[in-house]
Amino acid sequence: MYGVFGGTPRYHALVDPSRPPAEEIVTLLMQPRAILENEVRFLLGSEQIRDPAPYNAILAAIAGGETKFNGIQQLIGVERGALSKPLRSLLETGLDSTRIAF
């Protein structure tokens, strides 16, 4: 969970340790009306991303269970080159790369 939430105590206080980490991440960050849903938008916006739409689409695809690069690409309807940069940026911010198959 540290890889997802970093050292922010507020985020860790929301985690239910009795649930699998993947479920907690989806519950806290990626579901509609999730407690930290707006936090994702804020953090993506603060990273000086000109167009957050591809990042949001990637996160939505992953939250929906898609873990393969080609599957994410087809689901969000972008060309391979247009997916590489935002996906790599998300992975650099701590998105669990073991769950994404390039």
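None of the values given here were measured: they were computed from a predicted structure.

A. Spatial organisation of the nonpolar core. Membership of the largest hydrophobic core is limited to 11 residues, which are Tyr55, Ile58, Leu59, Ala61, Ile62, Phe69, Ile72, Leu83, Leu87, Leu90 and Leu91. Sorting the residues of this core by element identifies α5 (53–63), α6 (69–76) and α7 (80–92) as the ones contributing at least two each. Looking at which element gives the most residues to this core, the answer is α5, with five residues. Listed in part, the seven residues of the second largest apolar core include Tyr11, Val15, Ile25 and Leu36.

B. Molecular detail of the packing of α6 against α7. Between α6 and α7, the least distance of the axes is 10 Å, while the angle of their chain directions is 110 degrees. Relative to α7, α6 is oriented roughly perpendicular. The two elements α6 and α7 meet at a crossing, and its hand is right-handed. Each of Phe69, Asn70, Ile72, Gln73 and Ile76 in α6 lies in contact with α7, whose residues at this interface are Arg80, Leu83, Ser84 and Leu87. A breakdown of the residues in the contact of α6 with α7 according to their chemical character gives five nonpolar, three polar and one charged.

C. Molecular detail of the pattern of salt bridges. Here the structure, examined in full by the defined rule, presents two salt bridges. Two residues, Arg19 and Glu24, come together in a salt bridge whose shortest N-O distance is 3.0 Å. With a relative accessible area of 30%, Arg19 lands in the partly exposed category. Among the ionic contacts, a cluster of salt bridges with common partners joins Arg19, Glu23 and Glu24.

Analysis parameters
Residues numbered from 1 in each chain as written. Predicted model: local features only at pLDDT ≥ 70, side-chain atom pairs only at ≥ 80, totals over all residues. Heavy atoms only, no water. Core = buried A, V, L, I, M, F, W, Y, C linked by side-chain atoms within 4.5 Å. Buried < 20%, exposed > 50% of the residue type's maximum accessible area, 1.4 Å probe, protein only. Helix = DSSP H or I, 4+ residues; strand = E, 2+ residues; numbered from the N terminus. Axes fitted to C-alpha atoms, helices over the stretch in contact; angles between N-to-C directions. Parallel < 35°, antiparallel > 145°, perpendicular 65-115°, else oblique. Left-handed = near helix turned anticlockwise from the far one by under 90°. Contact = heavy atoms within 4.5 Å. Nonpolar A, V, L, I, M, F, W, Y, C, P; charged D, E, K, R; others polar. Salt bridge = Lys/Arg side-chain N within 4 Å of Asp/Glu carboxyl O.

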